[in-house]
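Descriptive structure summary
In case you want the letters, here they are:
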Amino acid sequence: MIELTALSSYEDELGNRIESPTVFEKNITIKIRGKNNRVLVDPEAKIGRLDLVFDCDNGTLLIGPSKKKGWQLNIRIGQDATVQIGRDLTTTAKALVSAVEGVTVRFGDDVMIASGNQFRADDGHPIFDVKTGKRINPAKDITVGSHVWIGAQAALLAGASIGDGSVIGYRSLVTGKIPNNVIAAGTPARVLRRNIAWERPHLSFHTPPYKPDASTVTKSQAYWNNTVEAQEHAAIAMPQVQRQLPKNLIRRAAAKIGRITGA
C-alpha cells in the first residue's frame, strides 16, 4: 500500500497518478491499494482536510476550484468509481463520501454541507436474496446539484439525487430524487415546500441582524427558480449535472484518463 501525507503531483509504476499544481501539505492522508487510480486538482482548489483511500483500481477523484475556505472530506473510492467535487463546495466539519463498483458521487457548484454528513453510494457489504443468490443492494450514483444546502447530520444513500437550489433538513435521509428549489426533510426525505431559494449569509454573522425579506441579502439569481416537477424535468435536454464542473477540468480529466489507460 502507498501512503502519502501531501497532495502534490505524483506518479508511480502502477499507473497511479496525481496532478495537483498546488502542493497541499497540511491535514492530508492518501492511501492507495490498487493501480491506475488518479486525482486531478484544479489550480484554484482549496482543501482544508482530505483523508483519501483508493481501495481498488481505476478510481478517480476530480477536485474543482474554490474561492471559499477549504472543505474537509473523508473519501473512499473503490473499483472504477469516481468522486467529482464542483466549484466552491464548503463543509462545516469533515463529511464522509463513499463510492465503489463503478458508480459516481457528484457534487455541483456552491454546495454547502453542514456537520456530521455522509454520502454513501454503497452499503459497504453485499446483501443477497437467499433464493436466487442475486445481490439486492447494488451501489448507485449519488448526484448533488448546484447551490444545494445539506443540513447537519443528513445522509444521502445510493440513488439519491438532489436538484439545484434545494435544502435538505436536519438528520434527513435521502434515498431517491429530490427536485430543485425545495425544502425536503425526514426519513426518508420528502418535499415539504416548493419554490424556495436560500442564501449563504448567516443569520447572526452577517449584517443586517434581522433578515425579514430578500432585500437584506444579495441574491444568487441563477438559483432563484420555481420547482420543476419530475415529469417536466425529464423533458429538459441537457442534465444540469453536465454543467457542475468547469469544462476545462473535465477535458483534462478525460485526456489524462485516456493517456493512463491507453484508450
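Refer to the structure presented above.
Presented here is an overview of the structure given in this document. (Residues numbered from 1 in each chain as written. Predicted model: local features only at pLDDT ≥ 70, side-chain atom pairs only at ≥ 80, totals over all residues. Heavy atoms only, no water.)

1. Looking at the overall build of the protein
Assigned secondary structure in the protein consists of two helices and 23 strands. For the protein, the accessible surface area stands at approximately 13,500 Å², while carbon and sulfur atoms represent 52% of it. (Helix = DSSP H or I, 4+ residues; strand = E, 2+ residues; numbered from the N terminus. Areas by Shrake-Rupley, 256 points an atom, 1.4 Å probe, with all protein chains shown as cover.)

2. Regarding the pairing of strand β8 (residues 71–77)
Burial along β8 is one-sided: Trp71, Leu73, Ile75 and Ile77 are buried, and none of Gln72, Asn74 and Arg76, which face the opposite way, are. Relative to β8, strand β6 (residues 47–54) runs parallel, the two being bridged by seven bridges. Paired with Val53 across the strands is Arg76, a residue of β8. Sheet analysis places β8 next to strand β11 (residues 95–99), joined by five bridges and oriented parallel. Bridge pairing in β11 places Arg76 opposite Ser98. (Buried < 20%, exposed > 50% of the residue type's maximum accessible area, 1.4 Å probe, protein only. Pairing = 2+ DSSP bridges.)

3. Description of the sheet that holds β11
Backbone-to-backbone hydrogen bonds pair the strands of a sheet. The strands run either parallel or antiparallel. In spatial order, the strands read β1-β4-β6-β8-β11-β14-β17-β20; together these eight strands make up an open sheet with mixed pairing. Here the strands that pair on one side only, and so sit at the sheet edges, are β1 (2–4) and β20 (173–174).

4. Looking at the pairing of β11
In terms of burial, β11 is largely enclosed, as five of its five residues are buried. Of the two faces of β11, the one lined by Ala95, Val97 and Ala99 and the one lined by Leu96 and Ser98 are each fully buried. In this structure, β11 lies alongside strand β14 (residues 118–120), joined through three bridges in parallel fashion. Bridge assignment links Leu96 to a residue of β14, and that residue is Gln118.

5. Digging into the pattern of salt bridges
Using the criterion set out here, one finds nine salt bridges in the structure. Here Asp51 ties to Arg49 by a salt bridge, and the two come within 3.2 Å at their closest N and O atoms. Look at Asp51 and you get buried, because its relative accessible area is 11%. Judged by relative accessible area, Arg49 falls into the partly exposed class, the value being 28%. Ionic pairing is found between Asp51 and Lys94, a salt bridge with its closest N-O pair at 2.8 Å. With Asp51 in strand β6 and Lys94 in the loop between β10 (90–91) and β11, the pair connects residues that are 43 residues apart, well separated along the chain. Overlapping salt bridges bring together Arg33, Asp55 and Arg76 as one network. (Salt bridge = Lys/Arg side-chain N within 4 Å of Asp/Glu carboxyl O.)

6. Some thoughts on the packing of aromatic side chains
In this structure the tally under the stated criterion is two aromatic pairs. Where Phe107 meets Phe119, the ring centres are 5.0 Å apart and the plane angle is 80°; that geometry is what we call edge-to-face. Of this pair, Phe107 sits in strand β12 (residues 104–107) while Phe119 is found in strand β14, placing the two residues twelve residues apart along the sequence. Taken individually, Phe107 and Phe119 each receive the classification buried, so the pair is uniform in this respect. (Phe/Tyr/Trp six-rings, centres within 6.5 Å; stacked < 30°, edge-to-face > 60°.)

7. Some points on the nonpolar core
Formed by 51 residues in total, the largest nonpolar core has its most connected members in Leu7, Leu61, Ile75, Ile85 and Phe107. If we ignore the near neighbours within four places in the chain, the residues touching Leu7 are Ile18, Ser20, Thr22, Val23, Phe24, Ile28, Ile30, Val39, Val41, Ile47 and Leu50. (Core = buried A, V, L, I, M, F, W, Y, C linked by side-chain atoms within 4.5 Å. Contact = heavy atoms within 4.5 Å.)

8. Quick word on the side chain of Asp110
Summarising the element assignment, Asp110 is placed in the loop between β12 and β13 (112–113). Taking relative accessible area as the criterion, Asp110 reaches 13% and is therefore assigned buried. In contact with Asp110, other than residues within four places in its own chain, are Lys68, Arg87, Asp88, His147, Val148, Trp198 and Arg200.

9. So, the sheet that holds strand β19 (residues 167–168)
Read across the sheet, six strands follow the order β10-β13-β16-β19-β22-β23 without closing on themselves; strand pairing throughout is mixed. For this open sheet the edge positions go to β10 and β23 (190–194), each flanked by a neighbour on one side alone. Two elements, β10 and β13, share two bridges in a ladder whose sense is parallel. By the bridge assignment for β13, Thr90 is matched with Met112.

10. Here we look at unusual backbone geometry
Glycine aside, negative phi is the norm for most residues, and most peptide bonds take the trans geometry. In the segment running from Thr187 into Pro188, the intervening peptide bond is cis, with an omega of -5°. In the segment running from Thr207 into Pro208, the intervening peptide bond is cis, with an omega of -5°. Structurally, the position occupied by Pro208 is in the loop between β23 and α1 (230–233). Look at Asn58: it is not a glycine, yet its phi comes out positive at around 65°. Topologically, Asn58 is positioned in the loop between β6 and β7 (60–63). Non-glycine residue Gln153 carries a positive phi angle of around 60°.

Everything listed here is a matter of geometry and, on its own, says nothing about what the molecule does.
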